[in-house]
Each structure stands twice: as C-alpha cells, then as structure tokens.
Amino acid sequence: LRLAIFAAISYCPYIFAFHGGNLIPDASNWLSLNVIYTILIGLLAIRARHELQNPVLKIVVILLLAVCSVPGDWGVVGFTIMLSFDYFHGNFKNQAVAYVFIVLFQHGLFEYLTYPLITYVAMHQWIFLDAGTYWILSTELGMFLPIILLAFYRGQKGRGGKLAKWGFYLFYPAHMLLLGWILYDLL
C-alpha cells in the first residue's frame, strides 16, 4: 500500500523531470511510470510466487504483472531483476550473475560486445563497431555498480529508523521535482 501511494505521489514529479518539464501528463507521456511503480509490480510478483499455490494461476499472474511492468521506469528489466533476486535469495553469487546477464541482454550489450567475434566466425575477419558505439556502451557500465554495493550488504536493516524509511519516500518525488526544475527551468 505504501509503495502504491508513493508511486502515485511521484507520478507527476517523474513526468516533470523526464518528459518536457510539465507537471501535468499529456497524451504522449501519461503512461510513463516511475521506478516505485516498477518496485510495486515486482513486489506483487514476488508475493504471487510465494503465496499462490496453483502453478498455472501463479504463472499467469506473474506474466500479467510482467506486462504491467513495461511502462515503468526500468520496466520489465527491474521486474526481472527483482524476481531473480528473490529466486536466488541468500546466494549473492547467483544474484550477481543473474543481474549481469539480465542487464547484458536487455540493453543489447551482449550483442555489441560479441559483434567482433561473431563477424570473425561468420566472415573470417574482425569487424569492430565504430568508436561512438563503444563510447555509448561505456556509459552503460554504471548499470553494474549496484552489484558492488550489494556485495557489501549483510542482510541487516540500517540504523536510520523512521527518518531513513520515510526520508526515501519523500526524497524520491522531491529530487524528481529538483531535476525537472534544473533541466527545464534553469537551462
């Protein structure tokens, strides 16, 4: 319930920050949903995985939730990462491997990184992509930083108490408003 409420509160700030600096959604961006929405959908899928006993119903519900995750920030990628982390709960090595594969395949990085080898096997010559493409790929490397942070997590709650808990929920829409203000009002 808390995730649903804060996904709704963060809806307009997210639109403001990432879709033209307007707080009110329009026909082109009304279905652009924030990452809290994606987390909510992923959490519902995890609950379905653990609580639904009928395997057919479980699969149908999880697939429907996967479809519902598509318009969210991180969309089906975030959804799939959450399910894989739940599936490999307690095994960081498997969680990390799953995360890396999901990111590599989702963003096409795997194809870009293997392109020279594939062209060599197929045509017996090394063909590399242009430098601009590899530069764009290097900007995607930040996608792997969460694994480093998660490697240090020991499964215990922090000591922040209610301030930390509620601070995140308030920070998320507030920083979206700040980003929108910086991007559209100051520039």
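Note: the structure precedes this text.
From a predicted model like this one, the values you see are computed outputs, not experimental measurements. Each chain carries its own residue numbering, running from 1 in the direction its sequence is written. The predicted nature of this model means local features are confined to residues of pLDDT at least 70 and side-chain atom pairs, given and counted, to a pLDDT of 80 or more, with totals for whole chains, interfaces and linings taken over all residues. Note that the side-chain values use all heavy atoms of the structure and ignore hydrogens as well as water.

A. Looking closely at the pattern of salt bridges. One side-chain nitrogen of Lys or Arg within 4 Å of one carboxyl oxygen of Asp or Glu is enough to make a salt bridge. Within the structure shown, the criterion is met by two salt bridges. The partner of Glu51 in a salt bridge is Arg47, and the shortest N-O contact between them spans 3.1 Å. Here Glu51 and its partner Arg47 are both found in helix 2 (residues 35-51), four residues apart, which amounts to about one turn of the helix. Overall, the relative accessible area of 47% leaves Glu51 in the partly exposed class. For Arg49, the salt bridge is made with Asp86, and the minimal N-O distance between the two is 2.6 Å. You can see Arg49 sitting in helix 2 and its partner Asp86 sitting in helix 4 (residues 75-87), a full 37 residues away along the chain. Strands are runs of DSSP state E lasting at least 2 residues, helices are runs of H or I lasting at least 4, and numbering of each runs from the N terminus. Note on classification: 1.4 Å probe, protein chains only; a residue is buried when its accessible area is under 20% of the maximum for its type, exposed when over 50%, partly exposed between these limits.

B. Fine view of unusual backbone geometry. In this structure, Trp74 takes a positive phi of about 75° despite not being glycine. Note on placement: Trp74 falls in the loop between helix 3 (55-69) and helix 4. Judged by its relative accessible area of 37%, Trp74 is partly exposed. Positive phi values are uncommon outside glycine, yet His124 reaches one of about 60°. With respect to the element layout, His124 can be found in the loop between helix 6 (109-123) and helix 7 (131-139).

C. Helix 9 (residues 161-186), seen in detail. In a helix, the anticipated span is given by 1.5 Å times the number of residues less one. The terminal C-alpha atoms of helix 9 lie 35 Å apart, and with 26 residues this matches the ideal 38 Å at 1.5 Å per residue to within 8%. At Gly167, helix 9 is bent by approximately 30°, the largest bend along its length. Among the residues of helix 9, those classed as buried are Tyr169, Tyr172, Pro173, Met176 and Gly180. Note on contacts: a residue pair is in contact if any heavy atoms of the two residues lie within 4.5 Å. Elements that come into contact with the buried residues of helix 9 comprise helix 1 (2-18) and helix 2. Working definition for bend: take the seven residues up to and ending at a residue and the seven starting at it, fit an axis to each, and measure the angle between the axes.

D. Spotlight on the packing of helix 5 (residues 92-106) against helix 6. Under this scheme, a helix contributes an axis fitted over its contacting stretch, all axes are lines through C-alpha atoms, and angles between N-to-C directions fall in the 0 to 180 degree range. Here helix 5 crosses helix 6 at 80°, and the two axes come no closer than 4 Å. On the basis of their axis angle, the class for helix 5 and helix 6 is roughly perpendicular. Counting all contacts with helix 5, which are made through Val103, Leu104 and Phe105, the residues of helix 6 involved are Leu109, Phe110 and Leu113. Polar here means any residue outside two lists: the nonpolar Ala, Val, Leu, Ile, Met, Phe, Trp, Tyr, Cys and Pro, and the charged Asp, Glu, Lys and Arg; Gly therefore counts as polar. Here the residues of the contact of helix 5 with helix 6 sort into six nonpolar, no polar and no charged. Oblique is the label for every angle not falling under 35 degrees (roughly parallel), over 145 degrees (roughly antiparallel), or within 65 to 115 degrees (roughly perpendicular).

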